[in-house]
Amino acid sequence: MTSDKIKELLTKAYTDEHETVMNYMTNAIVLDGVHAEEVKASLDADVQEELEHARMLGNRLKQLDESPPGSEAFEARQTSLQPPEDTTDVRSVIDGVLEAEEDAIETYRSLIEAAGEANDPVTEDVAVTILADEEAHRTEFHGFRKEFPQD
């Protein structure tokens, strides 16, 4: 794979992290109910981690002589993570988080593979670091999902 592929994956991950920040923050604000509190706290805490991921990715793009994209280049894709109409529907937010985490994990694994093939250990290290955070967050939300019965 070429450095163009690496830049493409870095850019995708960068914009995905920003979209995740927006959706996590919004869901942490709008969810209601006693069962929502732990999920809201987790989402709220994770906003800073996701921002740091975006910062790391943006810095790596800059190091590769590529500018991180601005908002005009942004295209929203996280339909399942949109705030629910029923603000007590915590399960739909949990499911949305799990889908977003799976997408992020797939992106970071692709980035690790591309960086390895391109002999780019710096990008590989960035991707491995972020991948570990994303897998930990997925595990946490799998736990939340177990607490909410099937509809």
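Structure first, text after, so check above.
Residues numbered from 1 in each chain as written. Predicted model: local features only at pLDDT ≥ 70, side-chain atom pairs only at ≥ 80, totals over all residues. Heavy atoms only, no water.

Caption draft 1: Structural view of the packing of helix α1 (residues 3–30) against helix α4 (residues 121–146). Relative orientation of the contacting elements α1 and α4 amounts to 30°, with a least axis distance of 13 Å. The angle between the axes of α1 and α4 places the two elements in the roughly parallel class. Where α1 crosses over α4, the handedness of that crossing is left-handed. On α4, the residues that touch I6, L10, E17 and Y24 of α1 are T123, I130, E134 and H137. Looking at side-chain class alone, the contact of α1 with α4 contains four nonpolar, two polar and two charged residues. (Axes fitted to C-alpha atoms, helices over the stretch in contact; angles between N-to-C directions. Helix = DSSP H or I, 4+ residues; strand = E, 2+ residues; numbered from the N terminus. Parallel < 35°, antiparallel > 145°, perpendicular 65-115°, else oblique. Left-handed = near helix turned anticlockwise from the far one by under 90°. Contact = heavy atoms within 4.5 Å. Nonpolar A, V, L, I, M, F, W, Y, C, P; charged D, E, K, R; others polar.)

Caption draft 2: Spotlight on unusual backbone geometry. Residue D65 is not a glycine yet carries a positive backbone phi of 65°. You can see D65 is positioned in the loop between α2 (37–63) and α3 (90–117). The phi dihedral of N119 is positive, around 55°, even though this residue is not glycine. Within the element layout of this structure, N119 appears in the loop between α3 and α4.

Caption draft 3: Region of interest: α4. Taking 1.5 Å of rise per residue, 26 residues should cover 38 Å, and α4 covers 37 Å from first to last C-alpha, within 8% of that figure. Of all the positions in α4, only T123, V126, A127, I130, L131, E134, H137, R138, F141 and F144 are classed as buried. Those residues of α4 hidden inside the fold are in contact with α1, α2 and α3. (Expected span 1.5 Å × (residues − 1). Buried < 20%, exposed > 50% of the residue type's maximum accessible area, 1.4 Å probe, protein only.)

Caption draft 4: Region of interest: the packing of α1 against α3. The interhelical angle for the contact between α1 and α3, taken along N-to-C directions, is 160°, at an axis separation of 10 Å. Comparing the axis directions of α1 and α3 gives the class roughly antiparallel. Here α1 runs over α3; the crossing is left-handed. Contacts from K5, I6, L9, L10, K12, A13, D16, E17, Y24 and N27 of α1 reach α3 at V93, V97, E101, D103, T107, Y108, S110, L111, A114 and A115. Class assignment for the residues of the contact of α1 with α3 results in 11 nonpolar, three polar and six charged.

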